[in-house]
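# Descriptive structure summary
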Amino acid sequence: MAATSFSPLLTLTTQSQPKHNTKHPSRTGSFRQCKNMKEVKQLHAQVTKKGLSNSRSSGITKLISLCAEIATPESLEYAKKAYELFEGDESNRVSLYMRNSLIRGYSAAGFCDEAILLYAQMVESGVNPDHFTFPFVLSGCTKGAAFLEGIQVHGSVVKLGFEGDLFIQNCLIHLYAECGEIDFGKKVFDKMSERNIVSWTSLICGCTRRDRPEEAVSLFFEMVKAGIKPNSVTLVCAISACAKLRDLDLGKRICAYIGQQGLNNTVLVNALIDMYMKCGAMDRAKSLFDECIDKNLVLYNMILSNYVHQGMESEALAILVEMLQQGLQPDRVTMLSALSASGQSGDFAFGRQCHCYVMRNGLEGWESVSNAIIDMYANCGKQDLACRVFDLMSTKSVVSWNSLIVGFVRNGDVDSAWGLFNQMLETDLVTWNTMMGALVQESLFEDAIELFRVMQSEGIKADKLTMVSVASACGYLGALDLAKWTYSYIEKFGIHHDLKLDTALVDMFARCGDTKSAMLVFNKIQNRDVSAWTSAIGAMAMEGNGIRALKIFNEMTNQGVKPDAVVFVAVLTACSHGGLVEQGMQIFRSMKESYGITPQIVHYGCIVDLLGRAGLLSDALDLINGMPMEPNKVVWGALLAACRTQKDTQMATYVAERMNESAQERSGTHVLLSNIYASAGKWTDVARVRLQMKEKGLLKVPGSSSIEIDGVIHEFTSSDESHPEMTHISLMVREMSSRIGDSGYVPDLTNVLLDVDDEEKEFLLSRHSEKLATAFGLISTSPGTPIRVVKNLRMCSDCHSVVKLVSKTYGREIVVRDNNRFHFFRQGFCSCNDFW
């Protein structure tokens, strides 16, 4: 605070007591009549000049009190000087009222540290506070979010016996609510023998602001039941709590208490509109908005923001146009919504206009606005412009860097995002979550896990979004040990489970072949949505347990959860893998008949796969020919795969011709057709198909399998002998062949798709990736330990036969996840019943 001249005050407090009174101060004027500091100083000078007799203490008290009421930096400095000079005279006795006035003034002006310091000095000097002191100092603690100091003041309240004072109790509740310590506030509230509207409103508003809306609404109805009539502040907080809960019914119940408050209160109207919009009652919100006579910028900004968050970009832009027509000038809050709307809609032209407005009105200095511009350009695919805005920013926070990284990720440029990430001197959780999500999105699952380990070493605490990415990576890798560790990590560090994370955990365990753990997690989910049910059904589908999948589907519908198109994909896949033709067809027909969902091409693909696996190739072809849409490569591919299983080369040739007619070529089609010809010994046709692949530049994806040993993932590619343990692996492969040969194993040479002699075919068969991974598992783990292998392609019939016999011969449970399903091998049997 600026220094103030105090010569008149100095004269007043140090001069000798005048021998004669000239005039009473009231005849000259009263401090209470002063309206500003200029008048205070003038009156003070007059009083000092004319002198005082026995009212020096009274005059200083009035002066300090008035300056505290004005509560400006200048007035408080003036009051403090007066206080210090008066206190410095040993003949004067400083009153508690003077101290209280100063504390009140500093608290009112927001100079919280000074208010708390004055209180501490008062206590240190041996002066006991009274019931006026505590509300003033608690107000300072509240405004300064001084929780620890507030706790100490609370202790003094109890020590001095003021804990029953209603006003002080309300101040304590308000302090704890503003500091986010709602439970402390509730303890004070619960001990109150008497509560008024301030008591209830302080706690209700605190719960609303601190993301405890359920408690806020519950307290509101308790208050009404107790006979306390809510005021407009209470109603605004309760309605805001309903908005956070997205509970329209509760909001309507609270609206019934508006009563005599009416809708003339602008803040209340804004809260109602916000609640209706967040609860999805857009028409009611718009109607209320249209009825408003005095629409201000705050109201326009609020409805703009809600439209944007609801994904209603065109409506948001229409409101913006209306606002401009009303003559209101957009501020930075307006532009944040406008930029977001243009980015979400991909409207580059409008977004650029918004950018120009920001530049013309000097709003680019706000970091949040520049970040919104970066995000808008990134959403519109203009990453170069986003980078230019970023480079021109004078100060760049972590949020700015994150905005640019998110833009790169959104546009599929993970390399640039990674480069930017490595340049950052400071990161936050959003940065790490964005990069991990990007790596998972790009199928770089091992890199995502490694990044999570680096994040831990950096001391960054994970949250639920982090663990969704980690769980997804574990699931795709099929790394069960890592999946179990991930689940333990979540439990150990108390990471909040939401529906998205729980669903990811179910999917993680299911993809790792541990359906028991998947269902344990699923059974703990309280309010399951259709995605959670889909993950459970998908787990059963991957296991090949069609009956259990159908039971879960029926349980879901019985609980009133309406199935969507995605859940039908999962249940139809389960029927296909379980060979449940009749049940699958019934489910398919029920989509339209019972649930009003028109089957999409992916559902037709599931039925083609269902019929093809069951050997009903003609029925599958009839279904394709009767489809209401043009069949795509996935549908034809399902039928072609079935042709291979059924060894029907004639239909396979027909299907391949239909697939070749499509504009998009796929190496998988040619490879599958080549395999079908090779299995039938038609080497001329094999050569023709492979020549076509070469001419079209199509490459065959090599078969690869991975296995996790002691947290490390080892990958094997067919016929690749580069693994450091290859000598021991080869010996184990020979031992496996010898031992299962004694059990009657004969190599299925039709799985070798090259025209070579039988001896060479046997060697090539032995070098299939899943055999190498299984052999490595046998030599790297203890007897009786389960072996888990993940393969990128469909398991061949010879490998399937080998692993079945190995599971019996070596007494091992072997789990193989190929690109189609799980195979659980136990004691010479497979869970798929040789149907895959």
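Residues numbered from 1 in each chain as written. Predicted model: local features only at pLDDT ≥ 70, side-chain atom pairs only at ≥ 80, totals over all residues. Heavy atoms only, no water.

The protein is annotated in an unreviewed UniProt entry as DYW domain-containing protein from Rhododendron simsii. Of the comments in the UniProt record for the protein, the one headed Sequence similarities (unreviewed entry) reads "Belongs to the PPR family. PCMP-H subfamily." (UniProt positions renumbered as here; feature names shortened; annotations may be inferred.)

Tallying secondary structure elements over the protein gives 45 helices and six strands in all. Per-residue burial for the protein yields a buried fraction of 49% across its 836 residues. Across the protein, every contact between residues at least 6 apart in sequence was considered, and the portion connecting residues at least 24 apart equals 63%. A total of about 39,900 Å² of accessible surface is found on the protein, and carbon and sulfur atoms cover 51% of it. (Helix = DSSP H or I, 4+ residues; strand = E, 2+ residues; numbered from the N terminus. Buried < 20%, exposed > 50% of the residue type's maximum accessible area, 1.4 Å probe, protein only. Contact = heavy atoms within 4.5 Å. Areas by Shrake-Rupley, 256 points an atom, 1.4 Å probe, with all protein chains shown as cover.)

Residues Ile814 and Val816 point to one face of strand β4 (residues 814-817) and Val815 and Arg817 to the other, with burial holding for every one of them. The pairing of strand β3 (residues 787-791) with β4 spans four bridges and is parallel. Among the inter-strand pairings, Val789 is bridged to a residue of β4, identified as Val816. A crossover links β3 with its parallel partner β4, the connecting element being helix α45 (residues 797-809), and its sense is right-handed. Examined bridge by bridge, β4 and strand β5 (residues 822-826) share four bridges and lie antiparallel to one another. Its bridge partner lying in β5, Ile814 is registered against Phe825. Joining the antiparallel neighbours β4 and β5 is a turn of four residues. (Pairing = 2+ DSSP bridges. Right-handed = clockwise from strand over helix to strand, strands pointing away.)

With numbering matched to this structure, UniProt assigns "repeat: PPR" (unreviewed entry) to residues 95-129, 196-230, 296-330, 397-427, 428-462 and 529-563. Taken end to end, residues 529-563 is 77% helix and 0% strand, and its first and last C-alpha atoms sit 10 Å apart.

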